[in-house]
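# Notes for the structure review
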Amino acid sequence: MRKLFAILLFIVFAAPVFAAIATPEQLKIYQERLAAATNDLQRGDAQANIDINGGDDPQSFDEIVTRTKAAFAKHNYVNDKYAISKACQIACWSYNGKFVADAYKAAKADNNFFVYYLARTHRQALGLTDDECFDIYSAALLRGGLGIDGVRSAVDALIKLAPMVDETKAKTTLKKLNRLYSPRLIKDKASWEPVVAMIRTALDTY
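Once a new chain begins, its residue numbering starts again from 1 and follows that chain's sequence as written. Restriction of local features to residues with pLDDT of at least 70 applies here, the model being predicted, together with a cutoff of 80 or more for giving and counting side-chain atom pairs; totals for whole chains, interfaces and linings are based on all residues. Side-chain figures throughout are based on the complete set of non-hydrogen atoms in the structure, without hydrogens or water.

## Describing a positive patch on the surface
The residues that make up patches have over 30% relative accessible area and no salt bridge, and they are joined within 9 Å when like-charged or within 5 Å when they are Val, Leu, Ile, Met, Phe, Trp or Tyr. Here the accessible surface of atoms and residues is derived via Shrake-Rupley with a 1.4 Å probe, and residues count as covered only by protein chains that are part of the display. Whenever Lys or Arg places a side-chain nitrogen within 4 Å of a carboxyl oxygen from Asp or Glu, that contact is recorded as a salt bridge. Charged residues are defined narrowly, with Lys and Arg counted positive, Asp and Glu counted negative, and His plus the chain ends left uncounted. Think of each charge as sitting on NZ of Lys, CZ of Arg, CG of Asp or CD of Glu. The grouping of Lys171, Lys175, Lys176 and Arg179 at the surface amounts to a positive patch. A helix here means a DSSP run of H or I that spans at least four residues, while a strand means a run of E at least two residues long, and both kinds are numbered starting from the N terminus. Inspection of the secondary structure assignment puts Arg179 in helix H11 (residues 167-181). Residue Arg179 is classed as exposed on the basis of its relative accessible area of 55%. Exposure is judged per residue with a 1.4 Å probe applied to protein chains only, and the accessible area is read against the type maximum: over 50% gives exposed, under 20% gives buried, and values in between give partly exposed.

See the structure below:
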C-alpha cells in the first residue's frame, strides 16, 4: 500500500499540470461553430479554438502556431499566414498574456492585424510608448478592416494619444482619417457620423 501511495504521489507531482482554459460552455459554442461552419477556413478556425483553448496548455507561442496549423490541416485548410494570425488571436486573449511578447513579434513580422489588437490589449506588458501606439493605431485605421465599433474605439484611443505626439504628425493623420471615413457618411450616415464628428472635432483643435 505504501508503495502504491508513493507511486501515485510521483505521478501527481512529476507529471506536467495542464488545464483547458475554455469552460464547458465555451467548448460547446466552439463545437456549435464547427458544426455550423460552411467552409474549411471556418471549420479550421473553430477546431483551433477547441484543440488549443480546450486542450493542454501550450508551453510556447511556437507551440500555439504548430497546433493551430494542425487544427486547420484536419479540415484540409493550409494557409500559414492565417494560422499565424489565429495563433496571435489566441495569445492575445488567452493565457493571461503569457505569450504576448512572442505573438507581438510574430504579428509584426507577418504584418497581420493583431499588431493593433496586441498593442491595444497589452500595451503595458509590451512596453509601448505613446508614439509607438499612435503609429500602430493610425496604421490599423488607415489600413481598413475594422468594423464600425472597432473604428470608433480605435479613433477614440488615437485622439487621446494625439496631444502626446508630434503636432504635425497628429494633424496629418487626422486629415487622412477624415478623407478616408467621411465618404462612408453617404452610405450610412447614422453609423458613421459620430466617428467622423470625433475626427473633425479633433482636427479643429489644430
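## As for the nonpolar core
What is meant by a nonpolar core is a set of buried Ala, Val, Leu, Ile, Met, Phe, Trp, Tyr and Cys residues, joined one to another through side-chain atoms within 4.5 Å. Ranked by size, the top nonpolar core spans 49 residues in total, and within it Phe61, Leu118, Tyr137 and Leu141 carry the most contacts. Of all the elements in the fold, those that place two or more residues in this core are helix H4 (61-73), helix H5 (80-93), helix H6 (100-110), helix H7 (114-121), helix H9 (130-143), helix H10 (148-161), H11 and helix H13 (189-203). Note on contacts: a residue pair is in contact if any heavy atoms of the two residues lie within 4.5 Å. Leaving out residues up to four positions away in the same chain, Leu118 has contacts with Cys88, Cys92, Val100, Ala103, Tyr104, Ala107, Arg123 and Leu126. One finds Ala22, Tyr30, Ala46 and Ile50 within the second-largest nonpolar core, a separate group that totals 5 residues.

## Focus: the packing of H5 against H7
Here, axes are lines fitted to C-alpha atoms. For helices the fit covers the stretch in contact, and angles between N-to-C directions go from 0 to 180 degrees. Where H5 contacts H7, the axes come no closer than 10 Å and their chain directions differ by 10°. Taken as axis vectors, H5 and H7 run roughly parallel relative to one another. Contacts from Ser85, Cys88, Gln89, Cys92 and Trp93 in H5 reach Phe114, Tyr117, Leu118 and Thr121 in H7. Note on residue classes: Ala, Val, Leu, Ile, Met, Phe, Trp, Tyr, Cys and Pro are nonpolar, Asp, Glu, Lys and Arg are charged, and everything else, Gly too, is polar. Residues belonging to the contact of H5 with H7 are distributed by class as follows: 6 nonpolar, 3 polar and no charged. Here the word oblique covers every angle except those under 35 degrees (roughly parallel), over 145 (roughly antiparallel) and from 65 to 115 (roughly perpendicular).

## Looking at the side chain of Asn178
With respect to the element layout, Asn178 can be found in helix H11. Beyond its immediate stretch of four places on either side in the chain, Asn178 contacts Pro183, Val196, Ile199, Arg200 and Leu203.

## A word on the packing of helix H3 (residues 40-53) against H4
As a packed pair, H3 and H4 sit with axes 8 Å apart at the nearest point and diverge in direction by 135°. Here H3 is positioned oblique relative to H4, judged by the angle of their axes. Between H3 and H4 the crossing geometry is right-handed. For the pair H3 and H4, contact is made by Leu41, Gly44, Asp45, Gln47, Ala48, Asp51 and Ile52 and by Ile64, Arg67, Thr68, Ala71 and Phe72, respectively. Here is the rule for handedness: rotate from the far helix to the near one, and if that takes an anticlockwise turn smaller than a right angle the crossing is left-handed, while a clockwise turn gives right-handed.

## A word on H5
Note on helix geometry: an α-helix contains 3.6 residues per turn, so any two residues three or four positions apart are oriented the same way. Multiplying 1.5 Å by the helix residue count minus one yields the expected span of that helix. Across its 14 residues, H5 extends 20 Å between first and last C-alpha, which sits within 8% of the 20 Å expected from 1.5 Å per residue. Within H5, the full set of buried residues consists of Ala83, Ser85, Lys86, Ala87, Cys88, Ile90, Ala91 and Cys92. Each element contacted by the buried residues of H5 is listed here: H3, H4, H6 and H7. Taking the backbone nitrogen of Lys81 as reference, a side-chain oxygen 3.2 Å away marks Asn79 as the first, capping residue of H5. Following H5 by one or two positions, Tyr95 adopts a phi angle in the positive range, close to 65°. N or O atoms closer than or at 3.5 Å make up a polar contact, with two conditions inside protein: a donor-capable atom paired with an acceptor-capable one, and, for residues adjacent in sequence, both atoms drawn from side chains.

So far we have only geometry, and geometry alone does not tell us how the molecule works.
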